[in-house]
Amino acid sequence: MTTRLEVTSSEIFEDKVEFVCNSENLSGEVSLAPSGQVLVDSDSLSFIYILETTDSFIYVSFPKEQWNGLKTVITEEKDAFLKLSNHELLNLKGLKGELEYLIENISGNANYGNEMMKSVEEIFQPISG
């Protein structure tokens with residue numbers, strides 16, 4: 001079974017960006033590990049970071065409303081963390097590199113859908129050069 005969490009806000013600190021999501025439906029015993037992989041959900045205009053548990057995956061969705069926080073991670077070289085409901089902070093290793101790669105591929109590429117392409121260009125274009 002795959003669980004999907006959605007990032008609802010972000011907070012920018014001197015050295016990091018904390019993305020907050022409602023993870024109350026996760027069992028407290030679940031051990032989460034960052035996969036370093038990011039997918040694109042063009043239909044929902046989201047980037048999806050994959051977390052792994054011992055027997056499943058958890059998709060952390062970054063909807064378009066949260067992309068400015070992602071842009072900060074890239075442009076200001078900040079570490080990205082996911083803040084869970086139990087106040088645990090999880091380092092989203094590999095997020096920056098994966099995002100940079102995806103943004104470069106999506107810009108000017110309608111294969112991801114026109115809306116996704118336009119949204120990525122609108123928010124990230126100045127950094128993809």
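Residues numbered from 1 in each chain as written. Predicted model: local features only at pLDDT ≥ 70, side-chain atom pairs only at ≥ 80, totals over all residues. Heavy atoms only, no water.

Caption draft 1: Up close: the pattern of salt bridges. This structure, assessed with the given rule, holds six salt bridges. Salt-bridge contacts for R4 lead to D41; the nearest nitrogen and oxygen are separated by 3.1 Å. Taken together, the residues span a long stretch of sequence, with R4 in strand 1 (residues 3–12) and D41 in strand 3 (residues 33–41) at a distance of 37 residues. In this structure R4 comes out as partly exposed when scored by relative accessible area, which is 40%. (Salt bridge = Lys/Arg side-chain N within 4 Å of Asp/Glu carboxyl O. Helix = DSSP H or I, 4+ residues; strand = E, 2+ residues; numbered from the N terminus. Buried < 20%, exposed > 50% of the residue type's maximum accessible area, 1.4 Å probe, protein only.)

Caption draft 2: Examining the packing of helix 1 (residues 67–75) against helix 2 (residues 95–106) more closely. Between helix 1 and helix 2, whose axes approach to 10 Å, the crossing angle comes to 105°. Of the possible angle classes, the one that applies to helix 1 and helix 2 is roughly perpendicular. Taking contact as the criterion, the partners of L70, V73 and I74 in helix 1 are, on helix 2, L95, K96, L99, E100 and I103. Split into classes, the residues belonging to the contact of helix 1 with helix 2 amount to six nonpolar, no polar and two charged. (Axes fitted to C-alpha atoms, helices over the stretch in contact; angles between N-to-C directions. Parallel < 35°, antiparallel > 145°, perpendicular 65-115°, else oblique. Contact = heavy atoms within 4.5 Å. Nonpolar A, V, L, I, M, F, W, Y, C, P; charged D, E, K, R; others polar.)

Caption draft 3: The confidence of the model for the protein, seen in detail. Summing up the model confidence of the protein, the mean pLDDT is 91 and the portion of residues at 70 or higher is 94%. Per-element confidence in the protein is highest for strand 4 (residues 46–52), whose mean pLDDT is 97, and lowest for helix 3 (residues 114–128), whose mean pLDDT is 86. (pLDDT = per-residue confidence, 0-100.)

Caption draft 4: Expanded view of the nonpolar core. One finds F19, F47, L51, F62, L70, L82 and F124 to be the most contacted residues of the largest nonpolar core, which totals 33 residues. Those elements that provide at least two residues to this core are strand 1, strand 2 (16–21), strand 4, strand 5 (57–63), helix 1, strand 6 (79–83), helix 2 and helix 3. It is helix 2 that contributes the most residues to this core, five residues altogether. When near neighbours in sequence (up to four residues on either side) are disregarded, L82 contacts V7, F19, C21, L51, V60, E88, L89, L90 and L92. (Core = buried A, V, L, I, M, F, W, Y, C linked by side-chain atoms within 4.5 Å.)

Caption draft 5: Region of the structure containing the packing of aromatic side chains. Summed over the entire model, instances satisfying the criterion amount to four aromatic pairs. Ring plane angle 50° and centroid distance 5.0 Å describe the contact between F47 and W67, whose orientation is recorded as tilted. Of this pair, F47 sits in strand 4 while W67 is found in helix 1, placing the two residues 20 residues apart along the sequence. For F47, a relative accessible area of 1% translates into the label buried. Members of the aromatic cluster, joined through ring pairs, are F47, W67 and F124. Stacked on the ring of F13, the Lys or Arg K16 has its end atom at 5.5 Å from the ring centre. (Phe/Tyr/Trp six-rings, centres within 6.5 Å; stacked < 30°, edge-to-face > 60°. Lys NZ or Arg CZ within 6 Å of the ring centre and 35° of its normal.)

Caption draft 6: A look at the sheet that holds strand 1. Spatial ordering of the open sheet is given by 3-4-5-1-2-6-7, a layout of seven strands whose pairing is mixed. Each of the sheet's edge strands pairs with one partner strand only, and the pair in question is strand 3 and strand 7 (89–91). Averaged over all pairs of adjacent strands, the angle between their axes in this sheet comes to 35°, without regard to strand direction. By the bridge criterion, six bridges tie strand 3 to strand 4 in an arrangement that is antiparallel. (Pairing = 2+ DSSP bridges.)

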